[in-house]
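In case you want the letters, here they are:
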Amino acid sequence: MRIHGRINGLLACAVALLLTASGGNSAPIGDAELRDSGKDQSNWLMYGRTYEDHRFSPLKQISEKSIGKLGLAWSRELTTTRGLEATPLVQDGILYTTSAWSVVHAMDAKTGKTLWTYDPRVPRARAYFICCDVVNRGVALYGGKVYVGTLDGRLIALNQRTGSPVWDVSTADSDKPYAITGAPRIARGMVVIGNAGAEYGVRGYISAYDAETGKMAWRFYTVPGDPSKGFESKAMADAAKTWKGEWWKVGGGGTAWEGIVYDPSLDLLYFGTGNPTAWYRDLRGGNSDNLYTASILAVRARTGELAWHFQTTPGDNWDFDSTQPLVQADLFIGGRPRMVIMQANKNGFFYVLDRATGEFLSGKAFVSGITWAKGLDPKTGRPIEEPDASKPAIISPAPDGAHNWNPMAFSPESGLVYFPAKIGTQSLHVPDTNWKYNPDKSNLGRAPGYEGPLAAKLKIMPPPTGELLAWNPVTQRAAWRAKYPVAVGGGVLATAGNLVFQGRADGILAAYRATDGKQMWSFDAKTGIMAPPVTYQIDGVQYVSVLAGWGGPDGLGNDPSWGPTKPGFGRILTFVLGGKTPFNPPAFGHKFPPPMPALTVDSNSQLVRQGELLFGDHCAGCHGANAIAGPLPDLRYSSKATLEGIQGIVLGGTRAAMGMPSFAKILNPGQVRAIQAYIVWRARAGAMAATVKKP
Ligand code: CA
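This is a predicted model, so every value here is computed, not measured.

K.L.:
Just checking my understanding: could you explain the overall build of the chain for this structure?
P.N.:
Along the chain, the regular secondary structure elements total ten helices and 37 strands. Taken over the C-alpha trace, the chain has a radius of gyration of 25 Å; the compact-globule value for 695 residues is 26 Å, and the two agree within 12%. Taken over the C-alpha atoms alone, the chain extends approximately 90 × 60 × 45 Å along its principal axes. Burial status across the chain gives 61% buried among its 695 residues. Within the chain, contacts between residues separated by at least 24 positions form 63% of all contacts whose residues are at least 6 apart in sequence. Just so you have it, the chain exposes about 26,700 Å², and 55% of that area is on carbon and sulfur atoms. Each charge sign in the chain was given a centre, from 71 positive and 57 negative side chains, and these centres are 4 Å apart.

K.L.:
Which parts of the structure should I look at to understand the domain arrangement of the chain?
P.N.:
How big an interface is tends to be stated in terms of the accessible area lost upon association of its parts. The domain boundaries assigned to the chain delineate domain 1 (9-446 + 464-577) and domain 2 (605-693). The straight-line distance from the C-alpha centre of domain 1 to that of domain 2 is 33 Å. If you look at the interface, domain 1 gives 17 residues, while domain 2 gives 20 residues. Counting each side, the surface lost to burial between domain 1 and domain 2 is near 1,300 Å², with a carbon and sulfur contribution of 65%. Three residues, Y128, L556 and N558, lead the burial of domain 1 against domain 2; their summed loss comes to 36% of the area buried on that side. Taken together, the links from domain 1 to domain 2 amount to one salt bridge. Between D440 and K665 there is a salt bridge, with its nearest N and O atoms 3.6 Å apart. At the junction of domain 1 with domain 2, the criterion picks out four residue pairs in polar contact (both at pLDDT 80 or more). A class-by-class count of the residues in the side of domain 1 that touches domain 2 yields seven nonpolar, six polar and four charged.

K.L.:
I keep staring at the state of the cysteines and nothing clicks. Help me out?
P.N.:
Note on terminology: a disulfide is the covalent bond linking the sulfur atoms of two cysteines. As enumerated under the stated definition, the model contains one disulfide in all. Disulfide pairing is shown between C131 and C132; the S-S distance is 2.1 Å. For the disulfide bridge between C131 and C132, the dihedral angle about the S-S bond is near -105 degrees, and by the sign convention the bridge is left-handed. We classify C131 as partly exposed; its relative accessible area is 41%. Considering cysteine sulfurs only, C622 is the nearest to C619, which forms no disulfide, with 9.1 Å between them. For C619, a relative accessible area of 14% corresponds to the buried category.

K.L.:
Sorry if this is basic, but what is going on with the side chain of H623 here?
P.N.:
Looking at the element boundaries, H623 is found in helix α7 (residues 620-623). Overall, the relative accessible area of 14% leaves H623 in the buried class. In this structure H623 touches L556, F615, I628, A629, L632, P633, L635 and M660, once residues within four positions along its chain are discounted.

K.L.:
Could you clarify how one ought to interpret the coordination of the calcium ion in this entry?
P.N.:
Metal coordination angles in their ideal form are 109.5 degrees for the four-donor tetrahedron and 90 or 180 degrees for the six-donor octahedron. Taken together, the protein donors to the calcium ion comprise E199 (OE), E199 (OE), N275 (OD1), D319 (OD), D321 (OD) and D321 (OD), at separations of 2.3 to 3.2 Å. Around the calcium ion sit six donor atoms, and with donor-metal-donor angles ranging over 43 to 164 degrees the site reads as irregular. Donor residues for the calcium ion, ordered by position in the chain, follow E-x75-N-x43-D-x1-D. Judged on exposure class, the residue D319 and its partner D321 are both buried.

K.L.:
Please explain the confidence of the model for the chain as it appears in this structure.
P.N.:
A low pLDDT score tells you not to read the predicted coordinates there in detail. Looking at the chain, pLDDT values average 93 and 96% of them are 70 or higher. Predicted confidence for residues 1-23 stays below pLDDT 50, and this span has eleven contacts to residues more than four positions away or in other chains.

K.L.:
Can you help me understand the environment of I341 in this one?
P.N.:
As for its placement among the helices and strands, I341 is situated in strand β20 (residues 336-344). In the structure, I341 is positioned 103 residues away from D238 in sequence and 24 Å away in space, judged by C-alpha atoms. Filtering out sequence-adjacent residues up to four positions away, I341 remains in contact with V261, Y270, W308, L326, V327, Q328, Y351, V352, L353 and R355.

K.L.:
What should I look at first to understand the packing of aromatic side chains in this one?
P.N.:
Both the distance between ring centres and the angle between the ring planes are used here to describe each pair of aromatic rings. Scanning the entire structure with this criterion turns up 32 aromatic pairs. Where Y147 meets W167, the ring centres are 5.8 Å apart and the plane angle is 45 degrees; that geometry is what we call tilted. One end of the pair, Y147, is in strand β8 (residues 145-149); the other, W167, is in strand β10 (residues 165-170), with 20 residues separating them in the sequence. Take Y147: its relative accessible area is 1%, and that puts it in the buried class. Centroid distance F523 to F583: 5.4 Å. Interplanar angle 45 degrees. Geometry classified as tilted.

K.L.:
How should the sheet that holds strand β16 (residues 268-272) be read in this particular structure?
P.N.:
Strand pairing in a sheet takes place through backbone hydrogen bonds and is either antiparallel or parallel in direction. Taken together, four strands build an open sheet; the order of strands is β15-β16-β17-β18 and the sheet is antiparallel. Of all strands in the sheet, those bounded by a partner on one side alone are β15 (260-263) and β18 (306-311). Neighbour-to-neighbour, the strand axes of this sheet turn through a mean angle of 15 degrees, independent of strand direction. Examined bridge by bridge, β16 and strand β17 (residues 295-300) share five bridges and lie antiparallel to one another. Bridge assignment links L268 to a residue of β17, and that residue is R300.

K.L.:
So what exactly am I meant to see when it comes to the side chain of E467 here?
P.N.:
Its location among the elements puts E467 in strand β29 (residues 465-472). For E467, the side chain forms a polar contact with the side chain of K483, separated by 3.1 Å. Residue contacts for E467: discarding those within four places in its chain leaves F419, P420, A421, I423, R481, A482, K483 and Y484.

K.L.:
I would appreciate a short explanation of the environment of A690 in the present structure.
P.N.:
Relative to the elements of secondary structure, A690 occurs in helix α10 (residues 669-693). Separated by 97 residues in the primary sequence, A690 and P593 place their C-alpha atoms 5.8 Å from one another. Not counting residues within four places of it along the chain, the set of residues in contact with A690 comprises F592 and P593.

K.L.:
Looking at this structure, I do not really get the pattern of salt bridges. What am I missing?
P.N.:
Between side chains of opposite charge, a pair can form when the charged atoms approach closely. Taken as a whole and assessed by the stated rule, the structure comprises 39 salt bridges. A salt bridge links K241 to D238, with the nearest nitrogen and oxygen atoms 3.7 Å apart. Given the relative accessible area of 68%, K241 is considered exposed. Look at D238 and you get partly exposed, because its relative accessible area is 27%. One connected set of salt bridges, linked through shared partners, spans E85, R137, R185 and E258.

K.L.:
What should I look at first to understand helix α6 (residues 605-618) in this one?
P.N.:
Owing to its 3.6 residues per turn, the α-helix aligns residues three or four sequence positions apart on the same side. Over its 14 residues, α6 runs 20 Å from end to end, which matches the ideal 20 Å to within 8%, given 1.5 Å per residue. Turning to α6, its buried residues number three or more, namely L607, V608, G611, L614 and F615. Relative to the axis of α6, the buried residues are bounded by an arc of 125 degrees and lie together on one face. With respect to the buried face of α6, the exposed residues turned more than 90 degrees away are S605 and Q606.

The rules we used
- Residues numbered from 1 in each chain as written.
- Predicted model: local features only at pLDDT ≥ 70, side-chain atom pairs only at ≥ 80, totals over all residues.
- Heavy atoms only, no water.
- Helix = DSSP H or I, 4+ residues; strand = E, 2+ residues; numbered from the N terminus.
- Rg over C-alpha atoms; globule rule 2.2 N^0.38 Å.
- Buried < 20%, exposed > 50% of the residue type's maximum accessible area, 1.4 Å probe, protein only.
- Contact = heavy atoms within 4.5 Å.
- Areas by Shrake-Rupley, 256 points an atom, 1.4 Å probe, with all protein chains shown as cover.
- Lys, Arg positive; Asp, Glu negative; His and termini not counted.
- Charge placed at Lys NZ, Arg CZ, Asp CG, Glu CD.
- Domains from an automatic or database assignment.
- Buried area = accessible area lost by both parts, 1.4 Å probe.
- Salt bridge = Lys/Arg side-chain N within 4 Å of Asp/Glu carboxyl O.
- Polar contact = N/O pair within 3.5 Å; in protein donor to acceptor, adjacent residues only side chain to side chain.
- Nonpolar A, V, L, I, M, F, W, Y, C, P; charged D, E, K, R; others polar.
- Disulfide = S-S within 2.5 Å.
- Donors = N, O, S within 2.8 Å, 3.2 Å for Na, K, Ca; no water.
- Tetrahedral: all angles 85-135°; square planar, octahedral: opposite > 155°, others 65-115°.
- pLDDT = per-residue confidence, 0-100.
- Phe/Tyr/Trp six-rings, centres within 6.5 Å; stacked < 30°, edge-to-face > 60°.
- Pairing = 2+ DSSP bridges.
- Axes fitted to C-alpha atoms, helices over the stretch in contact; angles between N-to-C directions.
- Expected span 1.5 Å × (residues − 1).
- Arc of directions from axis to C-beta.

As C-alpha cells, this is what we get:
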C-alpha cells in the first residue's frame, strides 16, 4: 500500500514535470477550485489567494525556525522602471503576473523562464490620465483563460496556455479618462472589473462580463447620472438626493479601482469606491453625502443590484477613497459568531461590518494624529468631523491615506490582520475657489502653488513614518507595530510558518514573526517594493515570490521626507530554502551632482517662480517634487538638445510614444519657457550646491 502510494506520487511528479515543460497544460480552474482555494496548499489561484482575501497560506516549510536558510532561487527583470503592484498567481508550477503598462507574463515558477508574454500595447500618452503611475495589480485565472484589465480600459481574455487573446472588450468610453489598474475578479462565471479616473472626472462603475464570451452581464454605477435621462435604479434615485449642483457634468467620481471580493455563500460582491470629483466639498456645492462615493458596497453577484452600502467618509473632502482591500472573516464578536468584512481605510479608521447586512459592528483609529475626525459614532459608524476640518487646514491622513491599496493579510491562526500603516502623513487642504471643470486635465480642485502660512507650517512638521501593523479586529487594538525607515510599506503575506512577509520602499523584503513582530529575515531587492509577496509549492518545495518596482504616487512624486526610497529596474524575485543564486542588479539613476546645464536661458526670478508653480502643478507628479525625480527622468540631467527641444516635447508631443503626452491643451509656449527656466535653474542649483560642498 505504502509502496503503491509512493509510485503513484512519483508518477504524478513526472507528469507534472512534463506538463510544466510543455508550457502549461493545467486543468482549467472552475468555481469549485476557487471556492476551495484555501485548502489548495500548492497553488495561489486568485488575487487574495481565497475569496475571503486572507492572503494566508497554510504552507510552513519556510517557518520561523527555517527562515534563516531562505535565499534567492531566481530573479528576472521585467523591463520597466515603473511601479510594480501585481499579485502573481500560480497554478501547477506556472506563475502569471503583470508588470507596468498592463503587460502579462507567464513563467516557470521554479526557474523564471518565460513561457509567454502578452503586451496589450496601451497607447503611452494615456499615462497623462492615470493619476498614480502606469501600474497593474494582476490577472485572474478561470476556465483555461487569463484575464487582464488594461490602462486604456479594456478587459482581455488570453488563452492560459499560449497567451493569445480570446476576446478583448472595451469596458469604458475611450474618450474619457477611465483607466484600469486593478486585477479582475471572478464571481459565478463572470469576470468583474472596475476602473479609475475620479481624479480627472468620470462616473464610476463596476461591470461583470461572461468569462467565456466577454459579453457584459451587468453594470452597477456608483454615482447617479444626469437626472433628466432617468435613473438606472432605485439605488441611483436615492443617491441623487445626496448630490448638489450639476455633478453629472463632472462625472461624480466614486470609481471602484481596487478592493473587490466575493462571498459565494451569500452571493454578494463587495467593493469600495473612490472620492467624488472634485476632491473638495465646497467645490461640489457644500455639505452633502454624495452617495455612493467613499463607501463600501455589496451588490448581488447574479444581478448587480445593490444589497447594502456603508459610507466610510460621507461627503468626502480629503480624497479618502474606500478602495482598500476588503477582508472577510468569521469572528466571535460580543459573544457570538459574526460574518464580517474588514477594511483599514485611507481615512485612518479600521472598520468591521456585518457582511450580510452592512451593519456597523466597530471602528477604531489605527493611527495617531488624525485631524479631520474626532472618532466614529459608536452606533452608526459615521465619522464625527472636527468642526474646522472643512476649512483650509493641514489634514492628516494625507490623500495617500493611512493605508492605501497595498494588500493586507489575515491569519486565522493568530486572529490578526497585518497591513502597512502610514502615520503622520499630512497635506494642505486648500481648495481652489476658482476651480472649473476642465476635461483636459486633472480636476482635484486644489489651489495651485499655495504659499500661505499653512504651507510654512507644513514644511516644519515631522515627516511621516511607516510600520507593519498587526491589528486585532475583535478588540480593535494593535497587537504589535514593526516600524521601518520609510513611510511606505508594501502588501503583506501571512503563512502558517508563523511568518508575515512584507517588502517596502527602501527595497527591503522582510519576514516577521506573526505572533510578536520580531524581524526574522531580510533581503535587499535594491528596488523599492510595493507589491505583496505570494507563496506556493512545487514538487514539495515551498517558494516565495514578490515583484520589486518602485513607483506609484509616492514613487513618482519622490518626496524626500518619506525616507530613503529606492527607484530601480523592476523585477520579480523568488526565494527558496537553501537558495544561493547571486544577486547583482545594475545600479540605477544619476550620480549627484547634475552637470552645469549647457543651456543659458532667461532666468529672471519672476520667470523662474512662474515655472516653479507650473512645474508643481503639471510636472512634479511624475518628475518629482522640486524637480528631483524618482523612477522617471530627472530633468536636471537633461541634455542641451532636450532642454532646447522642450517646446516640441511638452506641446508638440514628440515623446508621446514614451509616455510623455502633449500638454498643448493646457499650457502655452510662454508657460513652457517658464518651466524650462525653472528646470535650468534647478540644475544649476544642484550643480552649484555640490561645488560648494567640496573642500
Ligand atoms: Ca482618489
